[in-house]
Amino acid sequence: GTRALWQYRHSRYQVIRTLSVIFFQTGFAYILPGLLQLFQQPEFYFSYFWPLKYDYLFPGTVSYLVDNGQALGVFMVVWGGVMAFVATPILTYFYGKRWYCSWVCGCGGLAETAGDPYRHLADKSRAAWRWEVRLIYPIFGLIIGLTALLWLNTFWHNSLLGSLSGEAARWYGFFIGSIFSGVVGVGFYPIFGSRVWCRFGCPMAAYLGLLQKHFSRFRISTNGGQCISCGNCSNVCEMGIDVQQYAQRGAPVVRASCVGCGLCSTACPRGVLKLENGPREGRLVASPLIHPDSLRILS
């Protein structure tokens, strides 16, 4: 975080964003859980929600929190549910997925700090985009199905899955939560770039991305007349978006994968790119430099 603050010290947006990540990860994901354990309360991370912290809405975890944390445990369960199903859609509507992926999340925070030197390695080919779609949405669907299945199994007194209920959750946690997000998602920074997990595996990113693309006011507006095609914006995009192609056409960047880190805007020498939370009806307005049919393709 200190390195990122120094590197992007000339950008107020990047400084505030980095300080936000440091604050939430130090306070909500390190100090607070430690204090809870110190006072013999259930360990809980208030900065992580379902479906990223998938087990927080599993029946076993809910029962554990309520039984061991009593009133505090009930608050934790309510907090997780409200943040996942109420606060997330509202915040994403106004600010896009950046409110979480770039300002709060520990996976994103690690990518933005420790993984920053490798952000230019993100594959921007169409083949990479296809793999992104093939992986991230099925994983999101898998955690939805698994959560629903576990609750149905509990409702039917374990007659549906029996002893397999715990095994299903553990296998998901091992392959997705540990191998994919941990070993591949972090260990492969120098090979695939800094947001491998966020692009291809994170169910929270899939959830936020769907809301952002179809429901949010957030977009990155472009001024194609000022673009000099230097390629800086595309080079720094860790989500594999060829931002330059949008900038050259004067088309707004409205992509489910965009985490709103703002590095494309920071790297632009001409001020072509601007992060906005404007009216939804203005997200895909055709500029004089682009034919409306092209916008339909880009969107």
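Residues numbered from 1 in each chain as written. Predicted model: local features only at pLDDT ≥ 70, side-chain atom pairs only at ≥ 80, totals over all residues. Heavy atoms only, no water.

Draft legend 1. Structural view of the overall build of the protein chain. Looking only at helices and strands, one finds 14 helices and two strands in the protein chain. Relative to its length of 299 residues, the protein chain is compact, with a C-alpha radius of gyration of 20 Å against a globular reference of 19 Å. Its C-alpha atoms give the protein chain principal-axis dimensions of roughly 65 × 40 × 35 Å. A separation threshold of at least 6 residues defines the contact pool for the protein chain, and within that pool the share at least 24 residues apart is 74%. In the protein chain, 25 side chains carry a positive charge and 13 a negative one; their mean positions are 8 Å apart. (Helix = DSSP H or I, 4+ residues; strand = E, 2+ residues; numbered from the N terminus. Rg over C-alpha atoms; globule rule 2.2 N^0.38 Å. Contact = heavy atoms within 4.5 Å. Lys, Arg positive; Asp, Glu negative; His and termini not counted. Charge placed at Lys NZ, Arg CZ, Asp CG, Glu CD.)

Draft legend 2. Highlighting the confidence of the model for the protein chain. Counting all residues, the mean pLDDT for the protein chain is 89, and 92% of those residues have values of 70 or more. A low-confidence stretch, residues 286-299 (pLDDT under 50), is modelled with 20 contacts involving residues beyond four sequence positions or located in other chains. (pLDDT = per-residue confidence, 0-100.)

Draft legend 3. Fine view of the packing of helix H6 (residues 126-155) against helix H10 (residues 203-215). Remark: H6 packs on H10, axes separated minimally by 8 Å, with the N-to-C direction vectors making an angle of 105 degrees. Viewed along their axes, H6 and H10 adopt a mutual orientation that is roughly perpendicular. Where H6 approaches H10, its residues Ile136, Tyr137, Ile139, Phe140 and Ile143 are matched on the opposing element by Pro203, Ala205, Ala206, Tyr207 and Leu210. Of the residues assigned to the contact of H6 with H10, the class counts are ten nonpolar, no polar and no charged. (Axes fitted to C-alpha atoms, helices over the stretch in contact; angles between N-to-C directions. Parallel < 35°, antiparallel > 145°, perpendicular 65-115°, else oblique. Nonpolar A, V, L, I, M, F, W, Y, C, P; charged D, E, K, R; others polar.)

Draft legend 4. Examining the pattern of salt bridges more closely. Across all of its chains, the model carries ten salt bridges by this definition. Notably, a salt bridge pairs Glu112 with Arg119, separated by 2.7 Å at the nearest N-O pair. One salt bridge in this structure joins Glu132 and Arg199, with 3.5 Å as the shortest N-O distance. With Glu132 in helix H6 and Arg199 in helix H9 (residues 196-200), this pair connects stretches of sequence that are 67 residues apart. Of the residues examined, Arg199 reaches a relative accessible area of 3% and is grouped as buried. Taken together, the shared-partner salt bridges in this structure form one network comprising Arg3, Arg17, Glu112, Asp116, Arg119, Arg195 and Glu238. (Salt bridge = Lys/Arg side-chain N within 4 Å of Asp/Glu carboxyl O. Buried < 20%, exposed > 50% of the residue type's maximum accessible area, 1.4 Å probe, protein only.)

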